[in-house]
Amino acid sequence: MRQTASRLLRLGLPLSALVLLSTIFLVSRNVDPNRAAALSDLDLAQITREPRIATARFAGVMDDATTITVSADAVRSLGAAEEEAPLDLSFAAPDGELQFPNASHASFRADTARLDQRAGRLTAEGPVTLENSDGYILQMGGMEVALDQTRLVGTGGVQGQAPAGDIRADALELTRSGGADGGYLLAFTGNVRLLYIPQ
């Protein structure tokens, strides 16, 4: 009796496995790449026309020893794809930081930005948020950062928090202070209003 059962199992198990495998192959359907692309949110034609890099990071040192770092969710080239050509890049959701020789720093976030190496500047469009190591948290419409020396200009109205209270201005300018180990100077211009909040 046991021998008969073992023979049945030896025959039955392989046959059952074959039936299961054939069912899988019969029921499965071919993958249609056109249908898969239609169901996704990706614009394949645009990706082909405008190649981009995801999660990129760029860094450099200015003539006055300030370092600049910019990272973004995606970066694409706006210029000719030539090895020796100046960079002309578009950033999506960029984060940037200026690090000064005295260890102080200023960081910014924006919706979009463009790094134009030929013009020597990074232009960010907003809203742009600027924070520094002295406790300023500011929002502005747009911002321009020079690539050769420390100069950041915020335009389109500035508002936010200063260490002493709330501040509003038409524009601002951030530049390096003097000396080899200098920090930076942050100047507000135009119609400047400071609402002092005592501690």
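Data block above holds the structure.
Residues numbered from 1 in each chain as written. Predicted model: local features only at pLDDT ≥ 70, side-chain atom pairs only at ≥ 80, totals over all residues. Heavy atoms only, no water.

Of the regular secondary structure elements, the chain holds three helices and 13 strands. Expressed as a percentage of its 199 residues, the buried residues of the chain come to 27%. Counting only contacts in the chain whose residues sit at least 6 apart along the sequence, the fraction spanning at least 24 positions is 39%. Accessible area for the chain stands at about 13,300 Å²; split by element, carbon and sulfur atoms hold 54% of it. (Helix = DSSP H or I, 4+ residues; strand = E, 2+ residues; numbered from the N terminus. Buried < 20%, exposed > 50% of the residue type's maximum accessible area, 1.4 Å probe, protein only. Contact = heavy atoms within 4.5 Å. Areas by Shrake-Rupley, 256 points an atom, 1.4 Å probe, with all protein chains shown as cover.)

What follows is about the environment of A162. Counting through the fold element by element, A162 comes out in strand β9 (residues 151-162). Residue classification places A162 among the buried positions, given a relative accessible area of 13%. Once residues within four sequence positions are removed from consideration, A162 is found in contact with G135, Y136, I167 and L194.

The residue G135 is located in the loop between β7 (121-132) and β8 (137-146) in this model. The exposure class of G135 is partly exposed, given its relative accessible area of 39%. Sequence separation of G135 and Q161 is 26 residues, and the distance between their C-alpha atoms is 7.9 Å. Setting aside anything within four residues of it in sequence, one finds G135 in contact with Q161, A162 and P163.

Further remarks concern the pattern of salt bridges. Under the definition given, this model contains four salt bridges. For R114, the salt bridge identified is with D88, shortest N-O distance 2.7 Å. Of this pair, R114 sits in strand β6 (residues 112-116) while D88 sits in strand β3 (residues 88-92); the two residues are 26 residues apart in sequence, bridging distant segments of the chain. Of the residues examined, R114 reaches a relative accessible area of 39% and is grouped as partly exposed. Note on D88: relative accessible area 14%, which makes it buried. Its salt-bridge partner being R121, residue E144 comes within 3.9 Å of it at the nearest N-O pair. Within this pair, whereas E144 is found in strand β8, its partner R121 is found in strand β7, the two being separated by 23 residues in sequence. (Salt bridge = Lys/Arg side-chain N within 4 Å of Asp/Glu carboxyl O.)

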